[in-house]
Amino acid sequence: WHNWIFEVYGQAKFDKEASRKKFEYKIGLESDHVTDKWRIRGDFQLSQLNSEFIRNNETFSSERKRYWGAASIVRSISDHWSTGIFTNFRYDTFTNIDFGTGFSPAVEYNIFPYNEVLKREITFAYKIGFFYNDYIETTIFNENSELIFNHSVEVNVRYRQPWGNFSARLRASSFFKDFEKNRIQLNNSLSVRIFKGFSVRFSGNLQFISDQINLPAGDASLEDVLLQQKQIATDFD
């Protein structure tokens with residue numbers, strides 16, 4: 001619609017065993033406005049996970065909430081080069097984020113001419129900027145809030161075809177003040193159109209993690225571990 005593409009999605013999952021039950025839902029909105037000169041993108045997602053575990057006649061319950069949004073404005077300066085601004089926000093009880101936001105200017109190179117971006121793109125981008133976290137609980141580094149400067153390199157692949165859509169993103173990032181705090185992320189999504197207006201999506205995500213500055217101080221409780229209520233130190237996901 002006038003160079004805009006909109007997608008609304010949702011999913012729900014319910015699991016139940018004798019001593020455990022879990023209900024999770026996720027809804028989201030994706031929007032893209034693409035022309036030869038401009039690309040404006042916006043994403044928003046809301047998810048919640050309610051869990052309950054029974055042990056020795058004692059019931060443990062938890063509620064995880066996550067609100068996340070991102071937006072970007074990119075301006076083509078030639079057939080293959082562009083520059084833009086990226087921003088995001090989030091609230092995530094699992095990762096101890098009461099409010100988080102980030103801002104990153106970027107430069108990007110597209111293998112294909114930008115006039116083909118509605119159908120296909122393979123881009124390489126370098127971003128430099130900052131993010132701010134306000135934490136729910138004091139972190140292992142004794143921080144209640146902090147501003148971190150970081151940078152990243154990203155490779156994005158996206159195809160929009162009559163049969164469906166494919167997208168993949170590889171991102172490597174690190175902090176400026178400590179390059180050992182870094183992360184590598186790979187996200188993939190394949191949407192196959194069954195008939196007009198109806199499609200099936202497959203997706204997968206992989207992360208190698210060395211930058212968990214957000215972990216709350218203190219030992220995780222039995223309830224936290226059983227119900228995965230809080231994020232625990234890990235080097236992959």
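Definitions and cut-offs
Residues numbered from 1 in each chain as written. Predicted model: local features only at pLDDT ≥ 70, side-chain atom pairs only at ≥ 80, totals over all residues. Heavy atoms only, no water. Helix = DSSP H or I, 4+ residues; strand = E, 2+ residues; numbered from the N terminus. Buried < 20%, exposed > 50% of the residue type's maximum accessible area, 1.4 Å probe, protein only. Areas by Shrake-Rupley, 256 points an atom, 1.4 Å probe, with all protein chains shown as cover. Lys, Arg positive; Asp, Glu negative; His and termini not counted. Charge placed at Lys NZ, Arg CZ, Asp CG, Glu CD. 1 Å grid on protein atoms, 1.4 Å probe; cavity = no way out; pocket = protein on both sides within 12 Å on 5 of 7 lines; lining within 4 Å. Points joined across faces, edges and corners; volume = space filled by probe spheres on them. Nonpolar A, V, L, I, M, F, W, Y, C, P; charged D, E, K, R; others polar.

A few points about the overall build of the chain
Looking only at helices and strands, the chain has 1 helix and 11 strands in total. If one aligns the C-alpha atoms of the chain with their principal axes, the spans along those axes are about 65 × 50 × 25 Å. When each of the 237 residues of the chain is scored for burial, the buried share is 32%. Of the accessible surface of the chain, which amounts to about 14400 Å², a share of 57% is contributed by carbon and sulfur atoms. Separation of charge centres in the chain, based on 29 positive and 30 negative side chains, amounts to 7 Å.

Notes on the layout of surface pockets
The space that makes up the second largest pocket amounts to roughly 180 Å³. The wall of the second largest pocket is formed by 13 residues, among which P216, G218, D219, A220 and Q231 lie closest to the centre. The class makeup of the residues in the lining of the second largest pocket is 7 nonpolar, 2 polar and 4 charged.

Topic: unusual backbone geometry
Although it is not a glycine, N56 adopts a positive phi angle of roughly 55 degrees. Note on placement: N56 falls in the loop between β3 (38–55) and β4 (58–76). Even without a glycine there, the phi angle at N96 is positive, about 70 degrees. Inspection of the secondary structure assignment puts N96 in the loop between β5 (81–92) and β6 (97–110). For N96, a relative accessible area of 4% gives the class buried.

Taken by themselves, the reported measurements are silent on function.
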